[in-house]
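Coordinates in review
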Amino acid sequence: MSITRRRALLGAALSITLMATGCSGSDDGDDGAAAPTTVTEADIAAALEAGGNLTVWAWDTTLTKVAADFQTKYPKVKINLTNAGTGNDQYTALQNAITAGTGIPDVAQIEYYALPQFALAKSVADLNTYGAASLDGTFTPGTWNAVHAGDKIYGFPIDSGPMALFYNKEVFDKHGIAVPATWEEYAAAADKLHKADPKAYITSDSGDAGFTTSLIWQAGGKPYTVSGTEVGVDFADPGSTKFATQWQKLIDAKLLSPVVGWTDEWYKGLGDGTIATLVTGAWMPSNLEKGAAAANGKWRVAPMPQWEAGGKATAENGGSSLAIPEKSASKTLAYAFLKYAAVDEGAQTRIDDGAFPATTKHLAAPEFKNKEFPYFGGQKVNEVLAESAGQVVTGWSYLPFQVYANSIYGDTVGKAYLGQGTLADGLKAWQDASVKYGQEQGFTVK
C-alpha cells in the first residue's frame, strides 16, 4: 500500500497536508483495514473519573461557562480554554501544531466549510469510534450533514446559521415598503427605498464568499460535488445562474451599499437605518443588539425571500463544530467534553448565552420558541429562525479545499462588485481557479 501526501496552500498563511490512501488500506480502518477499537460509554465514564487535562481551542465565548460548568461537574478534569484566533488564524495555528507534532489541542472549533479539509487530511478523529452515530436525529439535517464525510463523523455541531430576513421595520414603514417574500420583491424594495432616500440601501454587500454560496444553496444550486479526492466545480448550474442573474440587477442599479461588513461604519448603518436589511444566519440577533444598539426596538425578522413565489427553501450561513484532532493524547476525555458541550447540559448553557442551537430538541422547546426579544419589538424571533432550520435545502457540499477557494473569491467574483465584469464572469473565473488549484494539489477535478 502507499500513502501520498499533498500540500495545499490555503491562502497566504494556511497550509494543510492532504493524505489520500492509495489502492489499499489506511490507518483508520478504510478500504478493508481493521476497524478502530470501539470506545464504550463505560470507557468514557472511566476517563471522566480518572480526569486529566484538556486543551480546547475555540473563539466562541459561550464555551467559557460551558468549560467552567464541566469542571465543576467533573472536578478531576482541568480545561485550558484558549482563543488561538478566529477562523483562518486558528486553522493556521492548528495546522502548524499538527505538522510540528507538538502543542496540538484536544478539541478545536472548526467551521463547517473548513472541516472537510481537516477530515480529508485525517487530522481530526472519526467520532464513530465513540458511538457518535447513535446521535443521528439529535441535530438538524443541515448541520449533521456538514460534519459528515460519507458515513464518518468528524465533529459535533455547536451552532447553526439557518437564514432569515432581518429588516428595519421603522425604515420600511416610513417609506411604505412591504416585507419582500421573493427576491424579485426584494429588488423592487431596494429600488423604492433608495429612490425615497438616496442615503439608504436595502443592504450592504461588497462581495462575500459565504453569502454567495448560501444564496446559490438556497436556489437549489450544487456547484460542488465531492467524493473523497474526486471533486467537481460547476458555477454554471441553475442555482448559480439564478443568483448571478438576480444579484447582478442590484449591482448594476447601484442598490447595494458598498460598506464592508463587520466594520464600525457597517454597524453605524445598521443602527441609523441607512442599511435596512440583512439576509443572514440565525446567530445575528445578539450581534445586532450589541453592535447596533441605536436601533433597539426597530428591527424584525421575517422568512428568507424565495426564488419562487410560495417557496419554503432556506440555506445555512455560518456555524461551526467541535472536533478532536487525531493526535490528541486524550481523545476519550475530549469526546466527553464534546458531547457535554454540543448535546447535553452545555448545549442549553450556550443557548442561554445567545447561541443559536443545532439540536432539534432545543429548537422545538416552547421556552426557546416563545422567547420575546425586546430589541426586535418583543417579537418571538426564534419561531421564524427555527422554522428556517427545518427548511434548509439538502445535499449541499463544500470543497475539501474550501478555505483556499474562499480566499480567492475577492480576486474573482469580487471584481463584479467593482464593476470589473459581471457576477457570471466572476463565478466562471472562481470555478477555473478552483479547478486549477485542486488539480495542482493532486485532486481529480472536473
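Structural data are supplied above this passage.
So, a few notes on the structure that sits alongside this text. None of the values given here were measured: they were computed from a predicted structure.

Below, the discussion takes up the sheet that holds strand β11 (residues 224-227). The strand order β11-β12-β17 describes an open sheet built from three strands, whose pairing is mixed. Bordering the open sheet on either side are β11 and β17 (444-445), each of which pairs with just one other strand. Both strand β12 (residues 230-233) and β17 contribute to a ladder of two bridges, which runs parallel. Across the sheet, residue Val231 finds its bridge partner in β17, namely Val445.

Turning our eyes to something else, we now look at empty space enclosed by the protein. The tally for this structure, following the rule as stated, stands at two cavities of 30 Å³ or more. Approximately 60 Å³ is the volume attributed to the largest cavity. Lining the largest cavity, in full, are Phe139, Pro157, Ile158, Ala341, Ala342, Ala347, Arg350, Ile351, Pro357, Ala358 and Thr359. If you list the elements that add at least two residues to the lining of the largest cavity, you get α12 (331-342) and α13 (345-352). In terms of residue count, α13 provides more of the lining of the largest cavity than any other element does, three residues in total. In terms of residue class, the lining of the largest cavity is made up of nine nonpolar, one polar and one charged.

What follows covers the pairing of strand β4 (residues 77-82). With six bridges joining them, strand β3 (residues 52-57) and β4 adopt parallel strand pairing. Bridging from a neighbouring strand, Trp57 pairs with Thr82 of β4. Once the chain exits β3 it traverses helix α2 (residues 63-73) before rejoining the sheet at β4, and the crossover so formed is right-handed.

Further remarks concern the nonpolar core. One finds Ile110, Phe156, Trp247, Phe337 and Trp430 to be the most contacted residues of the largest nonpolar core, which totals 114 residues. When residues of this core are assigned to their parent elements, the largest contribution, nine residues, is made by α12. If we ignore the near neighbours within four places in the chain, the residues touching Ile110 are Tyr91, Leu94, Leu115, Phe118, Val124, Ser320, Ser321 and Ala323.

By secondary structure assignment, the location of Ser328 is in the loop between β16 (320-323) and α12. At a separation of 2.7 Å, a polar atom in the side chain of Ser328 contacts the side chain of Asp106. Among residues more than four places away in sequence, those in contact with Ser328 are Pro105 and Asp106.

Evaluated as defined, the whole model comprises 34 aromatic pairs. Residues Tyr113 and Tyr398 carry aromatic rings whose centres are separated by 6.5 Å and whose planes lie at 70° to one another, so their mutual orientation is edge-to-face. Of this pair, Tyr113 sits in the loop between β5 (107-111) and α4 (115-120) while Tyr398 sits in the loop between α16 (381-389) and α17 (402-407), and the two are 285 residues apart along the sequence. Residue class for Tyr113 comes out buried when judged on its relative accessible area of 18%.

Rules behind the numbers
- Residues numbered from 1 in each chain as written.
- Predicted model: local features only at pLDDT ≥ 70, side-chain atom pairs only at ≥ 80, totals over all residues.
- Heavy atoms only, no water.
- Pairing = 2+ DSSP bridges.
- Helix = DSSP H or I, 4+ residues; strand = E, 2+ residues; numbered from the N terminus.
- 1 Å grid on protein atoms, 1.4 Å probe; cavity = no way out; pocket = protein on both sides within 12 Å on 5 of 7 lines; lining within 4 Å.
- Points joined across faces, edges and corners; volume = space filled by probe spheres on them.
- Nonpolar A, V, L, I, M, F, W, Y, C, P; charged D, E, K, R; others polar.
- Right-handed = clockwise from strand over helix to strand, strands pointing away.
- Core = buried A, V, L, I, M, F, W, Y, C linked by side-chain atoms within 4.5 Å.
- Buried < 20%, exposed > 50% of the residue type's maximum accessible area, 1.4 Å probe, protein only.
- Contact = heavy atoms within 4.5 Å.
- Polar contact = N/O pair within 3.5 Å; in protein donor to acceptor, adjacent residues only side chain to side chain.
- Phe/Tyr/Trp six-rings, centres within 6.5 Å; stacked < 30°, edge-to-face > 60°.

Without other data, these values stay purely geometric and don't point to any function.
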